[in-house]
There are 6 protein chains.
Amino acid sequence: MATCGLTEYEAASAEVRAVYDDIRATRRTDFINNFWKALAHDPALLKRTWESVKAVMAPGALDPLVKEMIYVAVSATNQCGYCIASHTAGARKAGMSDEMFAELMAVVGMANETNRLASGYQVEIDERFKT
Amino acid sequence: MATCGLTEYEAASAEVRAVYDDIRATRRTDFINNFWKALAHDPALLKRTWESVKAVMAPGALDPLVKEMIYVAVSATNQCGYCIASHTAGARKAGMSDEMFAELMAVVGMANETNRLASGYQVEIDERFKT
Amino acid sequence: MATCGLTEYEAASAEVRAVYDDIRATRRTDFINNFWKALAHDPALLKRTWESVKAVMAPGALDPLVKEMIYVAVSATNQCGYCIASHTAGARKAGMSDEMFAELMAVVGMANETNRLASGYQVEIDERFKT
Amino acid sequence: MATCGLTEYEAASAEVRAVYDDIRATRRTDFINNFWKALAHDPALLKRTWESVKAVMAPGALDPLVKEMIYVAVSATNQCGYCIASHTAGARKAGMSDEMFAELMAVVGMANETNRLASGYQVEIDERFKT
Amino acid sequence: MATCGLTEYEAASAEVRAVYDDIRATRRTDFINNFWKALAHDPALLKRTWESVKAVMAPGALDPLVKEMIYVAVSATNQCGYCIASHTAGARKAGMSDEMFAELMAVVGMANETNRLASGYQVEIDERFKT
Amino acid sequence: MATCGLTEYEAASAEVRAVYDDIRATRRTDFINNFWKALAHDPALLKRTWESVKAVMAPGALDPLVKEMIYVAVSATNQCGYCIASHTAGARKAGMSDEMFAELMAVVGMANETNRLASGYQVEIDERFKT
């Protein structure tokens with residue numbers, strides 16, 4: 001179980017409920033996933049994290065699907081089981097097809113490989129790449 | 001300097017030159033960056049890595065710009081200086097604007113934060129996310 | 001199960017028992033957690049690791065609770081499930097309140113985020129920070 | 001140089017200046033380090049990150065020095081050169097002695113070692129540690 | 001379950017079957033582990049990854065057992081549960097004794113510790129080590 | 001410069017000199033690299049780390065060259081510039097040829113790639129690999 005437990009809506013303070021309500025309204029679903037219920041232990045962290053996630057993941061110069069896939073890329077690199085599962089679900093909901101997922105994984109694997117080849121071979125940054 | 005040196009075109013074997021030629025043709029530039037010159041120490045690795053990169057980064061279900069940004073996301077997460085520099089340059093060439101870069105970084109930072117919150121709080125994966 | 005099994009006290013060699021006895025005496029408990037039972041496969045590693053942990057985690061310029069929280073910070077960053085669980089328990093035993101845990105997590109999340117922003121934006125170290 | 005350059009106070013928008021002013025007032029110094037000047041490329045990220053850092057690093061259940069040391073622990077684990085340098089300076093300013101730094105490093109090294117021993121030996125979490 | 005499911009031999013396309021057949025022939029076993037069945041979702045990735053693994057893990061200047069142990073070292077460092085389990089099994093099959101595994105883990109733990117001490121203490125590379 | 005400076009032999013305490021003398025005798029060289037001079041800030045850490053390194057890197061079930069290569073594999077995975085440089089030099093001294101280095105890098109790159117594919121595809125550990 002999560003370290004300080006999961007806070008269900010019914011047991012939540014007004015401050016936490018306000019965040020839960022906003023998650024539900026923004027995502028158009030009643031479902032609150034465990035991540036938020038665990039963070040509710042620290043209402044200030046919950047509020048700050050949710051507001052950042054809402055701002056960062058909103059459409060902008062990049063569309064939400066691209067952002068979800070970047071999230072999966074980082075989570076797979078860090079091998080965070082929870083975030084891989086939840087953001088793969090999120091990316092699918094935002095429109096990721098099986099083909100897109102496959103290409104995403106191929107890039108993530110490749111990048112992790114070449115990152116180590118570049119550092120292992122001690123490759124110096126080309127002058128051209130120094131901005 | 002790179003561990004086993006950098007192989008310039010003039011000093012390269014026919015096998016290595018063939019890869020360099022393909023890099024130049026594919027990327028429509030004479031420039032070969034240090035990463036490839038370092039891998040040329042191992043012609044089989046050079047060939048395999050280039051062919052994989054060429055296949056993986058080609059347009060498909062995801063467009064090349066999205067792929068370059070995913071590459072940057074992984075490289076920033078791994079803190080690989082060479083790959084951040086070279087793929088940021090690559091992403092710009094593929095059309096990444098300053099606004100897109102800024103949003104990319106915001107997602108990468110956020111994902112790295114929540115990855116640790118999820119694991120630190122020992123959050124269990126919701127049933128709904130188990131496929 | 002652990003790769004080379006878990007060594008219980010009854011089945012342990014004199015060398016391993018001596019370490020188990022010291023763990024019990026130092027921690028004032030009969031409980032030996034699985035980590036030590038797994039390392040017992042390599043008595044030299046068990047002894048060296050335990051002696052280092054005992055020396056490093058003892059009170060000094062930093063108090064044991066701060067050290068336990070630093071341990072949790074590193075383990076959450078590395079996403080090591082075992083160490084997050086065992087050192088969160090250890091930190092609680094050393095006096096970590098729910099409020100302290102919450103602040104610890106907030107710092108860990110924030111540091112992981114800004115680490116990637118610093119590297120992703122390729123920020124150069126300020127002269128003032130070069131010692 | 002930072003990917004999108006560094007924004008000096010004189011060249012900054014009113015929005016960015018307001019953050020710089022708050023950094024200066026909060027830290028009681030005129031010095032703005034490169035990290036913030038780089039983030040200024042994205043004023044929304046700058047503002048959100050600074051406000052989070054200010055909230056998270058303020059005194060609470062943990063004192064600011066402990067928080068700075070946790071920041072260094074995470075940054076050393078991630079091997080982020082910029083953050084190691086800047087937060088080591090920050091920790092010193094908050095009162096970290098050479099002895100405290102030495103103990104901090106000893107814990108960080110030890111935790112990184114045992115994280116891998118725990119995962120490499122595939123140690124299962126003890127029932128007692130499951131909350 | 002794996003994100004896009006596991007493809008069994010009977011349900012596989014001719015392209016996937018050809019890879020499975022080669023895995024079986026190369027490894028002299030009928031067993032196909034889940035990793036390949038998951039990658040089969042993307043036949044091009046499956047083929048490229050298998051061919052690379054086959055080439056990289058074949059005997060050469062390093063013998064296959066050493067290569068399997070290096071694989072375990074990387075996987076323990078990244079804390080990838082699947083790869084630790086599968087390559088520990090692979091290394092045993094290639095001849096790794098309990099004593100060898102114990103020494104492998106000791107080196108992996110030590111390297112992860114000193115990596116952080118080197119970066120945390122901000123140690124400069126000795127001139128002698130610059131090739 | 002290293003955070004707490006480098007301690008040269010002439011300025012070192014008797015305790016530190018004893019470790020330096022043992023490093024020189026064990027390695028049959030007068031050269032003390034910066035890592036040890038930085039750790040000398042904390043004589044207890046210096047002594048403990050050196051004694052562990054000496055024990056772990058000595059010939060045993062694995063030969064010293066294999067151990068050096070495992071060290072490089074971990075350091076490249078963690079992208080620790082100092083340790084990559086010093087242990088690549090150490091591995092060469094222990095007999096690593098250019099061909100062996102090339103194969104080492106190929107395995108390290110491959111393992112980092114497949115680690116992420118395994119976690120990204122959420123592959124479950126095969127029953128057969130559960131010991």
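Note that the structure is a prediction, hence the values are computed from the model and not measured.

Rules behind the numbers
- Residues numbered from 1 in each chain as written.
- Chains lettered and ligands numbered in written order.
- Predicted model: local features only at pLDDT ≥ 70, side-chain atom pairs only at ≥ 80, totals over all residues.
- Heavy atoms only, no water.
- Helix = DSSP H or I, 4+ residues; strand = E, 2+ residues; numbered from the N terminus.
- Rg over C-alpha atoms; globule rule 2.2 N^0.38 Å.
- Contact = heavy atoms within 4.5 Å.
- Areas by Shrake-Rupley, 256 points an atom, 1.4 Å probe, with all protein chains shown as cover.
- Lys, Arg positive; Asp, Glu negative; His and termini not counted.
- Charge placed at Lys NZ, Arg CZ, Asp CG, Glu CD.
- Buried area = accessible area lost by both parts, 1.4 Å probe.
- Salt bridge = Lys/Arg side-chain N within 4 Å of Asp/Glu carboxyl O.
- Polar contact = N/O pair within 3.5 Å; in protein donor to acceptor, adjacent residues only side chain to side chain.
- Nonpolar A, V, L, I, M, F, W, Y, C, P; charged D, E, K, R; others polar.
- Axes fitted to C-alpha atoms, helices over the stretch in contact; angles between N-to-C directions.
- Parallel < 35°, antiparallel > 145°, perpendicular 65-115°, else oblique.
- Left-handed = near helix turned anticlockwise from the far one by under 90°.
- Least-squares fit on C-alpha atoms with pLDDT ≥ 70 in both.
- Expected span 1.5 Å × (residues − 1).
- Buried < 20%, exposed > 50% of the residue type's maximum accessible area, 1.4 Å probe, protein only.
- Phe/Tyr/Trp six-rings, centres within 6.5 Å; stacked < 30°, edge-to-face > 60°.
- Lys NZ or Arg CZ within 6 Å of the ring centre and 35° of its normal.
- 1 Å grid on protein atoms, 1.4 Å probe; cavity = no way out; pocket = protein on both sides within 12 Å on 5 of 7 lines; lining within 4 Å.
- Points joined across faces, edges and corners; volume = space filled by probe spheres on them.
- Arc of directions from axis to C-beta.
- pLDDT = per-residue confidence, 0-100.

### Re the overall build of chain A
Counting its secondary structure elements, chain A contains six helices and zero strands. In chain A, the order of α-helices and β-strands from amino to carboxyl end is α-α-α-α-α-α. For 131 residues, the compact-globule formula gives about 14 Å, and the C-alpha radius of gyration of chain A, at 18 Å, lies well above that figure. When its C-alpha atoms are laid out on the principal axes, chain A stretches across 55 × 30 × 30 Å. Long-range pairs, those at least 24 residues apart, make up 47% of the contacts in chain A with a sequence separation of at least 6. Of the accessible surface of chain A, which amounts to about 4,700 Å², a share of 52% is contributed by carbon and sulfur atoms. When the 14 basic and 17 acidic side-chain charges of chain A are each reduced to a single mean position, those positions are 4 Å apart.

### Some thoughts on the interface of chain C and chain D
With 63 residues of chain C at the contact, the number on the chain D side is 63 residues. Of the roughly 5,700 Å² buried between chain C and chain D, counting both surfaces, carbon and sulfur atoms make up 71%. Looking only at chain C, the three residues that lose the most surface to chain D are V107, Y121 and F129 of chain C, adding up to 12% of its buried area. Where chain C packs against chain D, one counts two salt bridges. A salt bridge links E103 of chain D to K67 of chain C, with the nearest nitrogen and oxygen atoms 2.9 Å apart. Put simply, chain C and chain D have 26 residue pairs in polar contact (both at pLDDT 80 or more) between them. For the side of chain C that touches chain D, the elements supplying multiple residues, two or more each, are helix 2 (34-39), helix 3 (43-57), helix 4 (64-78), helix 5 (81-93) and helix 6 (98-120) of chain C. Here the side of chain C that touches chain D is built from residues that sort into 37 nonpolar, 18 polar and eight charged.

### Points about the packing of helix 1 (residues 14-27) of chain A against helix 3 (residues 43-57) of chain A
All names here are of chain A. Interhelical geometry of helix 1 versus helix 3 gives an angle of 20° and a closest axis separation of 9 Å. The orientation of helix 1 relative to helix 3 falls into the category roughly parallel. At the point where helix 1 passes helix 3, the crossing takes the left-handed sense. From helix 1, E15, V16, V19, Y20, D22, I23, T26 and R27 reach across to helix 3, where they touch P43, A44, L46, K47, W50 and K54. Considering only residue class, the contact of helix 1 with helix 3 consists of eight nonpolar, one polar and five charged.

### Here we look at the interface of chain E and chain D
With 21 residues of chain E in contact, the opposing surface of chain D contributes 21 residues. Here chain E packs against chain D, burying approximately 1,800 Å² in sum over the two surfaces, 57% of which is carbon and sulfur. Between chain E and chain D we count seven residue pairs in polar contact (both at pLDDT 80 or more) in total. Mapped onto the side of chain E that touches chain D, the elements with two or more residues apiece are helix 4 (64-78), helix 5 (81-93) and helix 6 (98-120) of chain E.

### Notes on the relation of the copies chain C and chain D
Mapping between the two copies of the chain is achieved by a rotation about an axis and a shift along the axis. When chain C is fitted to chain D, the residual RMSD is 0.0 Å, and the transformation amounts to a turn of 180° plus an axial shift of 0.0 Å. Classification of the inter-copy transformation places it as that of a two-fold axis. The residues that chain C uses at the interface reappear at the interface of chain D in 100% of cases, marking a shared surface.

### Regarding the packing of helix 3 (residues 43-57) of chain D against helix 4 (residues 64-78) of chain D
Residue and element names in this part refer to chain D. Running from amino to carboxyl end, helix 3 crosses helix 4 at an angle of 125°, the nearest separation of the two axes being 9 Å. In terms of orientation, helix 3 and helix 4 fall into the oblique class. Every residue of helix 4 that contacts helix 3 at V53, V56 and M57 is listed here: P64, K67, E68 and Y71. Within the contact of helix 3 with helix 4, the residues separate by chemical class into five nonpolar, no polar and two charged.

### So, helix 5 (residues 81-93) of chain F
Here helix 5 of chain F spans 19 Å end to end across 13 residues, near enough to the 18 Å set by a 1.5 Å rise per residue. Listed in full, the buried residues belonging to helix 5 of chain F are Y82, C83, I84, A85, S86, H87, T88 and A91 of chain F. Contact partners of the buried residues in helix 5 of chain F: helix 6 (98-120) of chain A, helix 6 of chain E together with helix 2 (34-39), helix 4 (64-78) and helix 6 (98-120) of chain F.

### Let's talk about the packing of aromatic side chains
Applying the stated criterion across every chain, the model contains 42 aromatic pairs over all chains. With centroids separated by 6.4 Å and ring planes inclined at 80°, the aromatic side chains of F129 of chain E and Y82 of chain F adopt a geometry described as edge-to-face. In this pair, F129 of chain E is assigned in the segment after helix 6 and Y82 of chain F in helix 5, connecting two distinct chains. Each member of the pair, F129 of chain E together with Y82 of chain F, is buried. An aromatic cluster is built from F31, F35, W36, W50 and Y82 of chain A together with F129 of chain B, whose rings are joined through pairwise contacts. A cation over an aromatic ring shows up here: R128 of chain C above the ring of F31 of chain D, its NZ or CZ 3.7 Å from the ring centre. Over the aromatic face of Y9 of chain D sits the side chain of R24 of chain D, whose NZ or CZ is 4.8 Å from the ring centroid.

### What to know about the layout of surface pockets
Its boundaries defined by the atoms lining it, the second largest pocket holds a volume of some 1,800 Å³. Mapped onto the lining of the second largest pocket, the elements with two or more residues apiece are helix 6 of chain A, helix 5 (81-93) of chain B, helix 6 of chain C, helix 5 (81-93) of chain D, helix 6 of chain E together with helix 5 of chain F. Of the residues that constitute the lining of the second largest pocket, the class distribution is 27 nonpolar, 15 polar and six charged.

### Describing the pattern of salt bridges
All names here are of chain B. Scanning all chains against the criterion turns up 36 salt bridges over all chains. The partner of D22 in a salt bridge is K54, and the shortest N-O contact between them spans 2.7 Å. In this pair, D22 sits in helix 1 (residues 14-27) while K54 sits in helix 3 (residues 43-57), placing the two residues 32 residues apart along the sequence. Taking the relative accessible area as the measure of exposure, D22 reaches 26% and is therefore partly exposed. Look at K54 and you get partly exposed, because its relative accessible area is 32%.

### Concerning the environment of E103 of chain D
Within the element layout of this structure, E103 of chain D appears in helix 6 (residues 98-120). Residues E103 of chain D and T49 of chain D, 54 residues apart in the sequence, show an inter-C-alpha distance of 29 Å. Beyond its immediate stretch of four places on either side in the chain, E103 of chain D contacts G60, A61, L62 and K67 of chain C.

### What about the relation of the copies chain E and chain D?
By a simple turn and slide, chain E fits onto chain D: the slide is 0.0 Å along the axis, the RMSD is 0.0 Å, and the turn is 180°. Comparing interface residues between copies, 100% of those in chain E also lie at the interface in chain D; the contact surface is shared.

### Concerning helix 1 (residues 14-27) of chain D
Residues and elements named next belong to chain D. Between its first and last C-alpha atoms helix 1 spans 20 Å; for 14 residues at 1.5 Å apiece the expected length is 20 Å, and the two agree. Those residues of helix 1 lying buried are V16, V19, Y20 and I23. One face of helix 1 carries all of its buried residues, which in axial projection span an arc of 100°. Away from the buried face of helix 1 by more than 90 degrees, exposed residues A14 and A25 are located. Contacts from the buried residues of helix 1 go to helix 2 (34-39) and helix 3. One or two steps after helix 1, the chain reaches R28, where phi turns positive at roughly 50°.

### Quick look at the side chain of N33 of chain A
By the element assignment, N33 of chain A lies in the loop between helix 1 and helix 2 (34-39). In contact with N33 of chain A, not counting residues within four places along its chain, are R27 and Y82 of chain A together with D126 and F129 of chain B.

### Section: the confidence of the model for chain A
Averaged over all residues, the pLDDT of chain A is 96; the fraction at 70 or higher stands at 99%. Under the prediction, the complex receives an ipTM of 0.96, its pTM being 0.97.

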